[in-house]
Each structure stands twice: as C-alpha cells, then as structure tokens.
Amino acid sequence: MDVVSTADAPVRVYRHRLFTRLWHWVNAVAVIVLIGSGLMIFNAHPRLYWGHYGANFDPAWLELPRWPGWVTLPSRYSLSGARHWHLFFALVLAFGLLLYMVWSLVNRHIQRDLRIRSRDLTARALCTDLKAHWALRFHDPHDPRAYNVFQKLSYVGVIFVLMPLLVLSGLALAPGMWAWLPDLFGGRQSARSVHFIAMGAMTLFVIVHLTLVILAGAANEVRSMITGWWRAPEEDHS
C-alpha cells in the first residue's frame, strides 16, 4: 500500500487494490442476495434438526416463525424462485472466494497485512485495541496502513472459516453431491443447522461491519473501497 502526504495535506493511503475492490462489491451483492433467498428457503420449513433426518413430527432444536416478505428474496413466497437466486449467487460467492484466496496468497496480502502474530493476541494488545475502538479510533496513527487486531481476527475468520463453512455446508444440502459431505457434519439435517448458524454469524458480521464503517466515517471508507485511496483522520497525524 502506497502512502502520500505533504505538509498541508492529510495522509492518503492506497489501501485497496482493484481486485480487492471488485471482490468486495461483488461479494456484498452476493451475501445480501444469499441471506434474503436463504430466509425464503427457510420459510418452506422453519425448523432445524440434528442428525440425518428431520420432518414435521420430529423434535426440532429450533423452530422460528416465518420471516416477513420484506427481508426475503423474492418477497412473495416462492421456493423455486428463492432456490434459483440462492444457487446462482452461491456459485458467485464460492468461486469469488477461491479466486480471492489464491490472489491474496500469491501477492502476499494475507501474509503481509492480515497475519495474526502472537503479540497481537496478548491481553495488553487486545485491551489497547478495545479501548481505541471504544474511543472510535480504528487505526494506528503511526502506521495508518496497518490493520488492527480486531480487523485481522474478523477478516481471517470470515475468509478462512465462516465463508468456507457456508460453502461446504451448503454443498452438503445439495442432492447428488459427494455422499461423504453430509457425514462430515453428522448428517444432512446437521449440515442445514450449521448452514443456518453460519448464515446468522455472517449476518451479524455484516451488521457490525456496516456500523463500524459509519462510525469510522462512511464517506471516507466507501470512497476507499471505490477508488482504493483512504484518508487518515487529520487529528491522528497532526
């Protein structure tokens, strides 16, 4: 990442490369569509089970009311329509994730920017970062390019744990896929439960992410994800 600064201008950091920006926006659309269509699919049978089997008269570990149309895709009940949306954007998500992983490993973005070191996980480092977040300071004033520890943990967790878990558990639900895949989760119904829980975690991540973007300065953050250039707050480097 490049840094540009003059005596009269704030620090400007080239923070996001073109591929990252494209992947971010494509991924944002895919995740929103997948959440909405997934909730419509869930409405067809809003009960979750563990194991290989589960139907109307089996005991469910979770039963929810049907989601309203304003949060589902499509907004009117259509299981076939929701499946078409869901399967198409699941492919977008899966192949986009694979490309991003390969690209980030090749250009060393993961090793350089997102690697979590032992010193990041000390109690002192975590407390310092937590206090900074509480004070709405989200970057290191001495190195505005650096990701803070909570960014590293969340991004690595989402990219290498949560999203692969969503993809694998979703594949386990598809009839005709590898027979061993549902067994990996303890059964097809267990895979459906894991998929729903992972979807809830992804939804929570999106909500927290958008909240922090607003608190950090929405215009600056969104501009950086469009142009690549991010401006460090003036009070941090004055």
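For the structure itself, consult the block above.
This section reports on the structure supplied with the text. (Residues numbered from 1 in each chain as written. Predicted model: local features only at pLDDT ≥ 70, side-chain atom pairs only at ≥ 80, totals over all residues. Heavy atoms only, no water.)

**Notes on the overall build of the chain**
Part 1 of the reasoning: Within the chain, the regular secondary structure consists of 7 helices and 5 strands.
Part 2 of the reasoning: Reading the helices (α) and strands (β) of the chain from amino to carboxyl end gives β-β-α-β-β-α-α-α-α-α-α-β.
Part 3 of the reasoning: Its C-alpha atoms give the chain principal-axis dimensions of about 70 × 40 × 35 Å.
Part 4 of the reasoning: Taken across its 238 residues, the chain has 37% of its residues classed as buried.
Part 5 of the reasoning: In the chain, the share of contacts with a sequence separation of at least 24, taken over all contacts with a separation of at least 6, comes to 68%.
Part 6 of the reasoning: Roughly 14300 Å² of accessible area belongs to the chain as shown, and the carbon and sulfur atoms make up 68% of that amount.
Part 7 of the reasoning: Here the chain contributes 22 positively and 14 negatively charged side chains, and the mean placements of these two sets differ by 6 Å. (Helix = DSSP H or I, 4+ residues; strand = E, 2+ residues; numbered from the N terminus. Buried < 20%, exposed > 50% of the residue type's maximum accessible area, 1.4 Å probe, protein only. Contact = heavy atoms within 4.5 Å. Areas by Shrake-Rupley, 256 points an atom, 1.4 Å probe, with all protein chains shown as cover. Lys, Arg positive; Asp, Glu negative; His and termini not counted. Charge placed at Lys NZ, Arg CZ, Asp CG, Glu CD.)

**Details of the environment of Gly36**
Part 1 of the reasoning: Within the secondary structure, Gly36 sits in helix H1 (residues 18-43).
Part 2 of the reasoning: For Gly36, a relative accessible area of 6% puts it in the buried group.
Part 3 of the reasoning: Sequence separation of Gly36 and Pro74 is 38 residues, and the distance between their C-alpha atoms is 7.7 Å.
Part 4 of the reasoning: The residues contacting Gly36, other than those within four sequence positions of it, are Val71, Thr72 and Leu73.

**What about the side chain of Arg21?**
Part 1 of the reasoning: The residue Arg21 is located in helix H1 in this model.
Part 2 of the reasoning: Of the residues examined, Arg21 reaches a relative accessible area of 10% and is grouped as buried.
Part 3 of the reasoning: If we ignore the near neighbours within four places in the chain, the residues touching Arg21 are Tyr14, His16, Ser224, Met225, Ile226, Thr227 and Gly228.

**Some details on the nonpolar core**
Part 1 of the reasoning: Counting residues in hydrophobic clusters, the biggest one holds 23 residues, and the most contacted among them are Met163 and Met202.
Part 2 of the reasoning: Listed by contribution, the elements that provide at least two residues to this core are H1, helix H2 (79-106), helix H5 (149-173) and helix H7 (188-227).
Part 3 of the reasoning: Sequence-distant contacts of Met202, that is, excluding residues within four places in its chain, are made with Val31, Val158, Leu162, Met163 and Leu166. (Core = buried A, V, L, I, M, F, W, Y, C linked by side-chain atoms within 4.5 Å.)

**Here's the deal with the pattern of salt bridges**
Part 1 of the reasoning: Scanning all chains against the criterion turns up 3 salt bridges.
Part 2 of the reasoning: A salt bridge links Asp113 to Arg112, with the nearest nitrogen and oxygen atoms 3.4 Å apart.
Part 3 of the reasoning: Taking the relative accessible area as the measure of exposure, Asp113 reaches 11% and is therefore buried.
Part 4 of the reasoning: Judged by relative accessible area, which is 40%, Arg112 ranks as partly exposed. (Salt bridge = Lys/Arg side-chain N within 4 Å of Asp/Glu carboxyl O.)

**Comments concerning H5**
Since one α-helical turn is 3.6 residues long, residues separated by three or four positions face the same way.
Part 1 of the reasoning: Its 25 residues place the ends of H5 35 Å apart at the C-alpha level, agreeing with the 36 Å of an ideal helix rising 1.5 Å per residue.
Part 2 of the reasoning: Of all the positions in H5, only Val149, Gln151, Lys152, Val158, Ile159, Leu162, Met163, Pro164, Leu166, Ser169 and Ala172 are classed as buried.
Part 3 of the reasoning: Residues of H5 that are buried make contact with H1, H2, helix H3 (109-114), helix H4 (123-134), helix H6 (180-184) and H7.
Part 4 of the reasoning: One side-chain oxygen of the residue at the start of H5 lies 3.0 Å from the amide nitrogen of Phe150, identifying that residue as Asn148. (Expected span 1.5 Å × (residues − 1). Polar contact = N/O pair within 3.5 Å; in protein donor to acceptor, adjacent residues only side chain to side chain.)

**Focus on the packing of aromatic side chains**
Part 1 of the reasoning: In the structure shown here, the tally under the stated rule is 10 aromatic pairs.
Part 2 of the reasoning: Here Phe88 and Phe89 contribute two aromatic rings whose centre-to-centre distance is 5.1 Å and whose plane-to-plane angle is 85°, an arrangement assigned as edge-to-face.
Part 3 of the reasoning: In this structure Phe89 comes out as buried when scored by relative accessible area, which is 14%.
Part 4 of the reasoning: These aromatic residues form a ring-pair network of at least three members: Phe19, Trp23, Tyr100 and Trp103.
Part 5 of the reasoning: Against the face of Tyr147 rests Arg15, its NZ or CZ located 5.8 Å from the ring centre. (Phe/Tyr/Trp six-rings, centres within 6.5 Å; stacked < 30°, edge-to-face > 60°. Lys NZ or Arg CZ within 6 Å of the ring centre and 35° of its normal.)

**Examining H7**
Part 1 of the reasoning: The end-to-end C-alpha distance of H7, which contains 40 residues, comes to just 43 Å, noticeably less than the 58 Å that a straight helix rising 1.5 Å per residue would cover.
Part 2 of the reasoning: Where H7 bends most, the angle comes to about 110°, and this point is Gly217.
Part 3 of the reasoning: Looking one or two residues beyond H7, the residue adopting positive phi is Gly228, at roughly 100°. (Bend = angle between axes of the 7 residues up to and from the residue.)

**Brief notes about unusual backbone geometry**
Part 1 of the reasoning: Cis geometry marks the peptide bond from Leu73 to Pro74; its omega dihedral reads -5°.
Part 2 of the reasoning: Residue position: Pro74 is located in the loop between strand E4 (62-63) and H2.
Part 3 of the reasoning: Unusually for a residue other than glycine, Arg108 sits at a positive phi of about 65°.
Part 4 of the reasoning: Inspection of the secondary structure puts Arg108 in the loop between H2 and H3.
Part 5 of the reasoning: For Leu136, which is not glycine, the phi dihedral falls at a positive 65°.
Part 6 of the reasoning: Checked against the element boundaries, Leu136 lands in the loop between H4 and H5.

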